[in-house]
Amino acid sequence: MSAITNHLPTAELQALDAAHHMHPFTTNDELAEKGVRIITRASGIYLTDSEGNEILDAMAGLWCVNIGYGRDELAEVAARQMRELPYYNTFFMTTHVPVIALAKKIAELAPGDLNHVFFAGSGSEANDTNIRMVRHYWSEKGKPTKSIIISRNNAYHGSSVGSGSLGGMSAMHAQGGLPIPDIHHIEQPYWWAEGGDMDPEEFGLQRAQELEKAILELGEDRVAAFIAEPVQGAGGVIIPPASYWPEIQRICDKYEILLIADEVICGFGRTGNWFGSETMGIRPDIMTIAKGLSSGYAPIGGSIVSDEIAAVIGASEFNHGYTYSGHPVAAAVALENLRILEEEGVVAHVRDVAGPYLKEKWEALGDHPLVGEARIVGMMGSIALVPNKNSRAPFAEAGTAGFVCRERCFANNLVMRHVGDRMIISPPLVITIEEIDVMIARARKALDECYAELQKRNLLSVD
Ligand code: PXG
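Residues numbered from 1 in each chain as written. Predicted model: local features only at pLDDT ≥ 70, side-chain atom pairs only at ≥ 80, totals over all residues. Heavy atoms only, no water.

1. A word on the overall build of the protein
Then, in step 1: Scanning the protein from terminus to terminus reveals 17 helices and 15 strands.
Then, in step 2: In terms of overall dimensions, the protein has C-alpha extents of about 65 × 60 × 45 Å along its principal axes.
Then, in step 3: Residue burial in the protein is summarised as follows: out of 463 residues, 53% are buried.
Then, in step 4: Of the roughly 20,000 Å² of accessible surface on the protein, a fraction of 54% belongs to carbon and sulfur atoms.
Then, in step 5: Between the averaged position of the 38 positive side-chain charges in the protein and that of its 60 negative side-chain charges there is a distance of 1 Å. (Helix = DSSP H or I, 4+ residues; strand = E, 2+ residues; numbered from the N terminus. Buried < 20%, exposed > 50% of the residue type's maximum accessible area, 1.4 Å probe, protein only. Areas by Shrake-Rupley, 256 points an atom, 1.4 Å probe, with all protein chains shown as cover. Lys, Arg positive; Asp, Glu negative; His and termini not counted. Charge placed at Lys NZ, Arg CZ, Asp CG, Glu CD.)

2. Here we look at the domain arrangement of the protein
Then, in step 1: Segmentation of the protein into domains returns domain 1 (37-67 + 345-456) and domain 2 (73-343).
Then, in step 2: Taken over C-alpha atoms, the centre of domain 1 sits 26 Å from the centre of domain 2.
Then, in step 3: Contacts between domain 1 and domain 2 engage 32 residues on the former and 35 residues on the latter.
Then, in step 4: For domain 1, the biggest contributors to the area lost against domain 2 are Ile67, Met380 and Arg392; these three give 28% of the whole.
Then, in step 5: At the boundary of domain 1 with domain 2, the tally comes to zero salt bridges. (Domains from an automatic or database assignment. Contact = heavy atoms within 4.5 Å. Buried area = accessible area lost by both parts, 1.4 Å probe. Salt bridge = Lys/Arg side-chain N within 4 Å of Asp/Glu carboxyl O.)

3. With respect to the pattern of salt bridges
Then, in step 1: The tally for this structure, following the rule as stated, stands at 23 salt bridges.
Then, in step 2: Taking the shortest distance from any N to any O, the salt bridge between arginine 339 and glutamate 343 comes out at 2.7 Å. You can see arginine 339 and its partner glutamate 343 sitting in helix H14 (residues 328-343), four residues apart, about one turn around the helix.
Then, in step 3: When its relative accessible area of 58% is taken as the criterion, glutamate 343 is described as exposed.
Then, in step 4: Here arginine 408 ties to glutamate 449 by a salt bridge, and the two come within 3.0 Å at their closest N and O atoms. Placement of arginine 408 in helix H16 (residues 400-411) and of glutamate 449 in helix H17 (residues 433-456) is noted, with a sequence separation of 41 residues between them.

4. So, helix H10 (residues 200-218)
Then, in step 1: Taking 1.5 Å of rise per residue, the 19 residues of H10 would be expected to cover 27 Å, and the 27 Å separating its terminal C-alpha atoms lies within 8% of that figure.
Then, in step 2: Sitting at the head of H10, aspartate 199 places a side-chain oxygen 3.0 Å from the backbone nitrogen of glutamate 201. (Expected span 1.5 Å × (residues − 1). Polar contact = N/O pair within 3.5 Å; in protein donor to acceptor, adjacent residues only side chain to side chain.)

5. So, the packing of helix H15 (residues 346-364) against H17
Then, in step 1: Their axes nearest at 10 Å, the elements H15 and H17 cross at an angle of 20 degrees. Taken together, the axes of H15 and H17 are roughly parallel relative to one another. At the point where H15 passes H17, the crossing takes the right-handed sense. Residue-level contacts link Val353, Ala354, Tyr357, Leu358, Lys361, Trp362 and Ala364 of H15 to Ile433, Ile436, Asp437, Met439, Ile440 and Arg444 of H17.
Then, in step 2: Looking at side-chain class alone, the contact of H15 with H17 contains 10 nonpolar, no polar and three charged residues. (Axes fitted to C-alpha atoms, helices over the stretch in contact; angles between N-to-C directions. Parallel < 35°, antiparallel > 145°, perpendicular 65-115°, else oblique. Left-handed = near helix turned anticlockwise from the far one by under 90°. Nonpolar A, V, L, I, M, F, W, Y, C, P; charged D, E, K, R; others polar.)

6. What to know about the packing of aromatic side chains
Between two aromatic rings, the relevant description is the distance of the centres plus the angle of the planes.
Then, in step 1: Following the criterion strictly, the structure yields eight aromatic pairs and no others.
Then, in step 2: Between tyrosine 137 and tryptophan 138, the ring centres sit 4.9 Å apart and the planes meet at 75 degrees, which makes this aromatic pair edge-to-face.
Then, in step 3: Ring geometry for tryptophan 191 against tryptophan 192: centres 6.4 Å apart, planes inclined by 70 degrees, an arrangement best described as edge-to-face.
Then, in step 4: Looking at tryptophan 191, the relative accessible area reads 21%, which means it is partly exposed.
Then, in step 5: Over the ring of tryptophan 138 we find lysine 146; its NZ or CZ atom is 4.5 Å from the centre of that ring. (Phe/Tyr/Trp six-rings, centres within 6.5 Å; stacked < 30°, edge-to-face > 60°. Lys NZ or Arg CZ within 6 Å of the ring centre and 35° of its normal.)

7. Considerations on the state of the cysteines
As used here, a disulfide is simply a covalent bond connecting the sulfur atoms of two cysteines.
Then, in step 1: Evaluated as defined, the whole model comprises zero disulfides.
Then, in step 2: Cysteine cysteine 409 shares no disulfide, and the gap to the nearest cysteine sulfur, in cysteine 405, comes to 4.4 Å.
Then, in step 3: In this structure cysteine 450 is not part of a disulfide, and its nearest cysteine sulfur, from cysteine 405, lies 4.5 Å away. (Disulfide = S-S within 2.5 Å.)

8. A closer look at the site of the ligand
Then, in step 1: Taken together, 16 residues surround the ligand, and among them Trp63, Gly123, Ser124, Asp262 and Arg417 come closest.
Then, in step 2: Tryptophan 63 places a side-chain nitrogen or oxygen 2.8 Å from an oxygen atom of the ligand.
Then, in step 3: Between aspartate 262 and the ligand, the recorded distance is 2.7 Å, taken from a side-chain N or O atom to a nitrogen atom.
Then, in step 4: Within the complex, 84% of the 540 Å² of free accessible area of the ligand lies under protein.
Then, in step 5: Breaking the shell around the ligand down by element, the ones donating at least two residues are helix H3 (60-63) and helix H6 (123-140).
Then, in step 6: The element that contributes the greatest number of residues to the shell around the ligand is H6, accounting for three residues.
Then, in step 7: Classifying every residue of the shell around the ligand gives six nonpolar, six polar and four charged.
Then, in step 8: When residues of the shell around the ligand are assigned to domains, at least three fall in each of domain 1 (37-67 + 345-456) and domain 2 (73-343). (Near = heavy atom within 4 Å.)

9. Some details on the sheet that holds strand S13 (residues 414-415)
Then, in step 1: Across the sheet, which stays open at both edges, the four strands sit in the order S1-S2-S3-S13 with mixed pairing between neighbours. Of all the strands in the sheet, the pair left with one neighbour each is strand S1 (39-43) and S13.
Then, in step 2: Inspection of the sheet shows strand S3 (residues 54-57) paired to S13 by two bridges, in the parallel sense. Residue aspartate 57 lies in a different strand from S13, and its bridge partner there is valine 415. (Pairing = 2+ DSSP bridges.)

10. Examining unusual backbone geometry
Then, in step 1: A cis amide bond, omega -5 degrees, links leucine 178 with the succeeding residue proline 179.
Then, in step 2: Looking at the element boundaries, proline 179 is found in the loop between helix H8 (170-173) and strand S6 (183-186).
Then, in step 3: Unlike most non-glycine residues, lysine 291 shows phi in positive territory, near 30 degrees.
Then, in step 4: A relative accessible area of 24% places lysine 291 in the partly exposed class.

Below you can see the structure in the form of structure tokens.
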């Protein structure tokens, strides 16, 4: 254990947190009773909590700390930028040096003719921009009826009213009057849970063709865009069958539907290429970015759009923007993050070194008696926990096994999240081979302990 930073005792911090801080996606009363975990600092892939525990962060924060914690270069750039120009806006015919440099760099990295960036403070804001931008685009092209955006059940696109509507999380729609009008959801390409007797490729094709069916039912003249994550993240790291994305691309091309790839998680190296769209072989018209753009060191997001969309939107005033669109400090930090990703060959590290090694170790977890499938692309992986290894049938009560497993991970100083009964990882991209060994050893131990606990509670079924 390392030294504890000088701060109030944990219990006092917990009491203050409970008294005044409302947490996202949390039952705050329950958390107040249990006591929150307090993270005090971090370095590389390790977090330190207020009790001095060192915890391996296999989630890179919230899927975002791609270059790992504690990079002084980013702190220095932020301090320098704060001294020079801490804030200025990009409205009213002004701009500044960091946002120019960052937009140029993003245009260079993004594939095809995605050469223009509209900045936001987060992924949610960027997806709200996308909703307004694609509808405005069609309106400017003389097709104002094209306003429906098709998305997917169990997608995650953010938590604001617009982006939460795009998302397909029913628990979110149940609160606060979502979704907004003209958002339509189709089914997801989640073969393990929903594929029944079909083989995965046949299923992938069928789920993609739901898009075509929806376009035909709603009317081509009503549909503006289709939005999807190249690989669903918050939904449980769901890697679609290989047949899925080519068919989606074909349908978008055929009906001239704009394709929005939500790259908030997949972008900036997570899947072994700069963008998940490259890994999945798609050509989006718009990409949503956030998270890995700054490795989470500063809040920044944006929409990267094609030459054609930028030309149409640029012809008249687009009545949209945020105080912090292209914030100079966030832009400078993001630029430095991209420099590190590029100069240190982090994306190649994922593709050629750490990714293939982790894939082998992760898929080997499939041998564990509690694991039904273990899948991974680049540095985002998931395993399905099952009560009986010989079938894909889920636990009778969804989420208990996942919760127990997550608790066992914490007890073994490993952050691994659960989505229902899927365990997911998304470690910092700079993770080394040795660190992968430590991560896998802790995951295996947590799985063993979870298995024993479920056995004790009679939650496993034997055939
Ligand atoms: N799109 C995708 C694909 C995301 O994963 C957002 C948009 C929204 O970004 P902001 O920056 O507004 O949060 C996200 C965010 C989880 C979890 O529990 C995932 C996200 C956010 C919070 C929790 O996995 N992803």
